[in-house]
2 protein chains.
Amino acid sequence: MKKLLLILLLVGSFGLLQSAEDCKPNLYNIPGAQYPCVYPDGRATFRVNAPDAKSVVVSVGKRYEMTKGPDGVWTVTTPPLVVGFHYYWLIIDGLQVADPATQTFFGSGWYNSGIEIPEQGVDYYHAKDVPHGEVRSRWYFSKVTGKWRRAYVYTPPDYDTNLKARYPVLYLLHGWGENQWGWHIQGRMDFIMDNLIAEKKARPMIVVMDNLNAVKPGEDESLYHARGLRAAAPPKPEAGRGAAPGRGAAPGRGPGFGPGFGATFTEMMFTDLIPMIEKNYRVAPGRENRAMAGLSMGGMQTFTTALGNLDKFAWIGNFSGAGLRGDFDPKTLYNGVFANPEEFNKKVRLLWMGIGTEEGMGMKSLHEALTKHGIKNVYYESPGTAHEWLTWRRCLYEFAQKLFR
Amino acid sequence: MKKLLLILLLVGSFGLLQSAEDCKPNLYNIPGAQYPCVYPDGRATFRVNAPDAKSVVVSVGKRYEMTKGPDGVWTVTTPPLVVGFHYYWLIIDGLQVADPATQTFFGSGWYNSGIEIPEQGVDYYHAKDVPHGEVRSRWYFSKVTGKWRRAYVYTPPDYDTNLKARYPVLYLLHGWGENQWGWHIQGRMDFIMDNLIAEKKARPMIVVMDNLNAVKPGEDESLYHARGLRAAAPPKPEAGRGAAPGRGAAPGRGPGFGPGFGATFTEMMFTDLIPMIEKNYRVAPGRENRAMAGLSMGGMQTFTTALGNLDKFAWIGNFSGAGLRGDFDPKTLYNGVFANPEEFNKKVRLLWMGIGTEEGMGMKSLHEALTKHGIKNVYYESPGTAHEWLTWRRCLYEFAQKLFR
């Protein structure tokens, strides 16, 4: 009993036993920056040199007030943070800015900072000594939007040597307020695919990452604008920002997640993106070689585009993007695509859904209702993670292993 | 006379005649951000919503104090700025941060904001309806540094269709405090190359962009650290930061621009980078198909690496990176590589040097001394620009047309 108490005491004060030297610079710090740093137990220390500021807060999931030392430097050490990637920012005298000490990442519609809390014993998203694919920046002109767009295209390690091979393609989408960089940088999708392919756990495939932001000339694009940066734009009536389809204020193709959500992106994808990819890359033909998946708003877009066009997609993934609340009838969802389970199961080779256990975004109820209704589907829960990138790295890792088999 | 006066008055007050509606959002603003905006005459208006701040300054070349309005929003309109790309940042109550309203760019060792002042009548660095190449992210392990590195590789538009072709290669370097993204993003090198190749003004070539930051385990890398972000790191003795070779404090391979400057990068390039490129891409063999160029510190690196290894490079470009001051003797420069002009001229197909007229970095004196000494070289001046990206876009545009001819 005494021994147990001692152990409990030791465990409880483990954080206190770690010295400042145990705090290792965050993976995304600029060269030479020691702070933010992360302790082995996941606590992070932030430092900001702002002697003239009245108030400095760091927002990393929650908000933590920083304390000014006699040297004018503000610091705070957080409680242990969940492993994985987190966006964060500073609030200096009320102004929300990126921490100048880190690389910036496009999330929530602007370039904020990022911190990586290392995950022990897990290396599937790290650079390893395996053949590496490329992520290629590819410009193309969209007839639908009337603008140049940039896609990022992952090609597998053997793409430039195995010249007779044609590859299946996964169209992989980011979430709200992010862009086509998200999966590459925050998601580390290239390492995930390289490692899976090296272990023969996934088939070599092309992965296309494009930008959800697709509007025709004159269409309202305010859905894609950052919140909270009001100085940047004159005040406007709020666009619909509901998280669930059907909750948005605006009908048609406009802003919000209304009934017409994602129609322009779908049209752009079929008119511009897919033809450009199939013209320029050695793509295996047909719906059996075409998958679509996305996270959060990209998951919603995937359901809108792929469930509405089963003649074009046989593999479908939705990571944290179902957004269904309350009662629903599987038979009438998505224009009745699930009405006939036998027909659906014959057409769709994989319907995959994943979510973090800390999210509560209603994916489980969809999975259960579909299963009860006779729709084959795979459901995955990422333990301990919220609506954040580690959930989606894990989703990709699981989903990619089941693709094109 | 009266007429002339009227015209002068009109021209003089032109700025005042432009209304707020003439101020167009900066090219790099986040979606939806109206500010910063740029007037047709190059003035820029910045806006920051920081009601609790005591002082807000924008630093874009010069520092401009912003003024707080009754709504708590700080604004300033600058005098006309020089055309092209400029890094900028905000100083909020003494803390230097990126403006949350724009994309961020890695410069001076951290991620600051960027503004583009449009250049009328010039489109060689814009996306045009021509075949586009790719910029590929390529990971590789460096035996010299003991770390994974990422290169960006531009492949020309016909690379994936003209499968029997082998291409000459330009190794193209960024400047101090930047990284391998600089030429792609700030420099818009892909558009410059795509447009030149489409007009047959440049030969299709591969362009390799790597990171100057190359140190062996244990070597001091403080040369690559941001200045002015002191909170990020514990205080250290200042490393040599002189702009001219030989002025640095530290000898050997250490920090600063001392005699050993660039030795590790050179070794890494020959041991790791060039073999990786020649293994993975369809590269035309030999020194006649290999060029090296860089801007500022990358120009210094180019002279160090290429002038020291003429058996490996036949085409050499230096953009704003000679850094010579005071008296020098061409015969003894760079270990005597210019001692025998006849020999040098036979070996080197192109020695190209460019600089902005507003820089004063000593490139002209080198050009004149070399010319007088009998060394063939090309000298270019970018009118009206300083040590900044428009100088280097113009340099690449001119230099690339003369390469591999």
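Read on for an overview of the structure.

All names here are of chain B. With antiparallel pairing, the 5 strands of this open sheet are ordered in space as 1-2-3-7-6. The open sheet terminates on both sides in strands that have one partner only, identified here as strand 1 (24–25) and strand 6 (67–68). Pairing analysis gives 2 bridges linking strand 1 to strand 2 (residues 37–38), with the strands arranged antiparallel. Following the sheet pairing, Pro25 is matched in strand 2 by Cys37.

It is worth spelling out the packing of helix 4 (residues 189–198) of chain B against helix 10 (residues 389–402) of chain B at this point. All names here are of chain B. Following both chains from N to C, one finds helix 4 and helix 10 inclined at 35 degrees, their axes separated by 10 Å at the closest point. Both helix 4 and helix 10 take part in a crossing whose hand is right-handed. Packed against helix 4, whose contacting residues are Met189, Ile192, Met193 and Leu196, the element helix 10 presents Arg393, Leu396, Tyr397, Ala400 and Gln401 at the interface. In terms of residue class, the contact of helix 4 with helix 10 is built from 7 nonpolar, 1 polar and 1 charged.

This next bit is on the relation of the copies chain A and chain B. The two copies are related by a screw motion: chain A maps onto chain B through a turn of 180 degrees and a shift of 0.0 Å along the axis, at an RMSD of 0.0 Å. Given the turn and translation reported, the copies of this chain are related as if by a two-fold rotation axis. Relative to the rotation axis, the C-alpha of Arg136 of chain A is the closest in chain A, positioned 2.1 Å from it. Here 100% of the interface residues in chain A have copies in chain B that are interface residues too; the copies meet face to matching face.

All right, on to the pairing of strand 7 (residues 73–77) of chain B then. Residues and elements named next belong to chain B. When strand 3 (residues 44–49) meets strand 7, the two strands line up antiparallel, connected through 5 bridges. Note on strand 7: the bridge partner recorded for Asn49 is Val73. Of the strand pairs in this sheet, strand 6 and strand 7 are connected by 2 bridges, and their pairing is antiparallel. Within the sheet, the bridge partner assigned to Lys68 lies in strand 7 and is Trp74. Counting the residues between successive antiparallel strands, the hairpin from strand 6 to strand 7 contains 4 residues, one of them, Gly72, with a positive phi of roughly 85 degrees.

A separate point is the sheet that holds strand 6 (residues 67–68) of chain A. The strand order 1-2-3-7-6 (chain A) describes an open sheet built from 5 strands, whose pairing is antiparallel. A strand with exactly one partner marks an edge of an open sheet, and here the two such strands are strand 1 (24–25) and strand 6 of chain A.

Let us now look at the packing of aromatic side chains. In this structure the tally under the stated criterion is 53 aromatic pairs over all chains. An angle of 50 degrees between the planes, with centres 4.9 Å apart, marks the rings of Phe106 of chain B and Tyr111 of chain B as tilted. Here the two residues Phe106 of chain B and Tyr111 of chain B agree in accessibility, since each one is buried. By the ring-pair criterion, three or more aromatic residues cluster together here, those being Trp183, Phe319, Trp352, Tyr380, Trp389, Trp392 and Phe399 of chain A. Sitting over the face of the ring of Tyr39 of chain B, Arg43 of chain B holds its NZ or CZ atom 4.2 Å from the ring centroid.

Scoring rules and cut-offs
- Residues numbered from 1 in each chain as written.
- Chains lettered and ligands numbered in written order.
- Predicted model: local features only at pLDDT ≥ 70, side-chain atom pairs only at ≥ 80, totals over all residues.
- Heavy atoms only, no water.
- Pairing = 2+ DSSP bridges.
- Helix = DSSP H or I, 4+ residues; strand = E, 2+ residues; numbered from the N terminus.
- Axes fitted to C-alpha atoms, helices over the stretch in contact; angles between N-to-C directions.
- Left-handed = near helix turned anticlockwise from the far one by under 90°.
- Contact = heavy atoms within 4.5 Å.
- Nonpolar A, V, L, I, M, F, W, Y, C, P; charged D, E, K, R; others polar.
- Least-squares fit on C-alpha atoms with pLDDT ≥ 70 in both.
- Phe/Tyr/Trp six-rings, centres within 6.5 Å; stacked < 30°, edge-to-face > 60°.
- Buried < 20%, exposed > 50% of the residue type's maximum accessible area, 1.4 Å probe, protein only.
- Lys NZ or Arg CZ within 6 Å of the ring centre and 35° of its normal.

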